[in-house]
Amino acid sequence: MKIVVFFSGTGTNLKSILDHQNKYGYEVCACFTNNPKAEGLIFCQEYGVNCKIIDHKDFDDREEYDGLINSFLENLNPDLIVLAGYMRIMSKPLIDNWEGQIINIHPSLLPKYPGLCTHQRALKAKDNVHGSTIHYVTSELDAGPIIRQESFNIEPSDTKESLIDKVKNLEHKIYPETISSLIK
Ligand code: GAR
């Protein structure tokens, strides 16, 4: 089973997905990033996975940009497209073309806190729990059908940084497990 992983930043979820390939029987056949400076590129090098880099800053038109992504995907014809910290909104034609095959992981208990700054928003609201959600991507931002959600208690000592760490630790476990469950 072939998957393509999209990322924009540090790529720790990408690393965890790569680490679990043998255990869960999927193959990361390629990666994609919109950010030529993404730290996650180092993992593509380490694991010998080809990464297509297209800098979104070179494009004014989102649909033109996403058209290139679509061609990239059509060449690979993956079973699953996995967004792992990919911080660009995808246009409707791209999403429609791969309907039911794109999944995303979001650092909040959706439908709470779609969009950005989820950890700060949970702290500001004095929430007792926080977590992460894996969902199908639809053209409504962070609102597609939920596949899996896991939570933990927020402690009085928690900060934005500690919540980022706790959420990522959780994600590194549940994302590979979920990918595996979807491709079987
Ligand atoms: C993850 O926590 C992921 O949930 C979040 O970005 C982080 C990426 O970390 N995704 C979003 O906010 C998407 N809206 P990583 O690059 O270290 O895997």
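To start, this report covers the structure provided alongside it. Nothing here was measured: the structure is a model prediction, and the numbers come from that model.

The rules behind the values
- Residues numbered from 1 in each chain as written.
- Predicted model: local features only at pLDDT ≥ 70, side-chain atom pairs only at ≥ 80, totals over all residues.
- Heavy atoms only, no water.
- Near = heavy atom within 4 Å.
- Polar contact = N/O pair within 3.5 Å; in protein donor to acceptor, adjacent residues only side chain to side chain.
- Areas by Shrake-Rupley, 256 points an atom, 1.4 Å probe, with all protein chains shown as cover.
- Nonpolar A, V, L, I, M, F, W, Y, C, P; charged D, E, K, R; others polar.
- Pairing = 2+ DSSP bridges.
- Helix = DSSP H or I, 4+ residues; strand = E, 2+ residues; numbered from the N terminus.
- Axes fitted to C-alpha atoms, helices over the stretch in contact; angles between N-to-C directions.
- Contact = heavy atoms within 4.5 Å.
- Patch = residues over 30% accessible without salt bridge, like charges linked within 9 Å, V, L, I, M, F, W, Y side chains within 5 Å.
- Salt bridge = Lys/Arg side-chain N within 4 Å of Asp/Glu carboxyl O.
- Lys, Arg positive; Asp, Glu negative; His and termini not counted.
- Charge placed at Lys NZ, Arg CZ, Asp CG, Glu CD.
- Expected span 1.5 Å × (residues − 1).
- Bend = angle between axes of the 7 residues up to and from the residue.
- Buried < 20%, exposed > 50% of the residue type's maximum accessible area, 1.4 Å probe, protein only.
- Phe/Tyr/Trp six-rings, centres within 6.5 Å; stacked < 30°, edge-to-face > 60°.

Turning next to the site of the ligand. Around the ligand sit Thr10, Gly11, Thr12, Asn13, Gly85, Met87, Ile105, His106, Pro107, Lys168 and Glu171, and those are all the residues in its vicinity. Note that an oxygen atom of the ligand is positioned 2.8 Å from one of the backbone N or O atoms of Asn13. Within the complex, 89% of the 450 Å² of free accessible area of the ligand lies under protein. Split by residue class, the shell around the ligand holds 3 nonpolar, 6 polar and 2 charged.

Each strand in a sheet pairs with its neighbour through backbone hydrogen bonds, running either in the same direction (parallel) or in the opposite one (antiparallel). Read across the open sheet, the 7 strands follow the order 3-2-1-4-5-6-7; overall the sheet is mixed. Every other strand in the sheet has two partners, leaving strand 3 (51-53) and strand 7 (146-153) as the edge strands with one partner each. Direction aside, neighbouring strands of the sheet carry axes that sit 15° apart on average. Relative to strand 3, strand 2 (residues 27-33) runs parallel, the two sharing 3 bridges. Each bridged residue has a counterpart across the sheet, and for Thr33 the counterpart in strand 3 is Ile53. The sheet strands contacting helix 4 (residues 62-76) are strand 1 (2-7), strand 2, strand 3 and strand 4 (80-83), and the helix crosses strand 2 at an angle near 165°. Of the strands in this sheet, strand 1, strand 4, strand 5 (102-106), strand 6 (129-136) and strand 7 are in contact with helix 7 (residues 160-183), which crosses strand 7 at around 150°.

A surface patch of negative charge is lined by Asp60, Asp61, Glu63 and Glu64. Position of Asp60 among the secondary structure elements: in the loop between strand 3 and helix 4.

It is worth spelling out helix 7 at this point. With 24 residues, helix 7 extends 34 Å between its outermost C-alpha atoms, agreeing within 8% with the 34 Å of an ideal straight helix rising 1.5 Å per residue. Along helix 7, the sharpest change in direction is near 30° and occurs at Glu171. Buried within helix 7 are the following residues: Ser162, Leu163, Val167, Leu170, Glu171, Ile174, Tyr175, Pro176, Thr178, Ile179, Ser180 and Ile183.

What characterises a pair of aromatic rings is the spacing of the ring centres plus the angle enclosed by the ring planes. Going through the model one piece at a time under the given rule, you end up with 6 aromatic pairs. Summarising the aromatic geometry, the rings of Phe32 and Tyr65 are spaced 6.4 Å apart at their centres and angled 70° between planes, so their arrangement reads as edge-to-face. With a gap of 33 residues between them, Phe32 in strand 2 and Tyr65 in helix 4 connect regions that are remote in the sequence. For Tyr65, a relative accessible area of 2% corresponds to the buried category.

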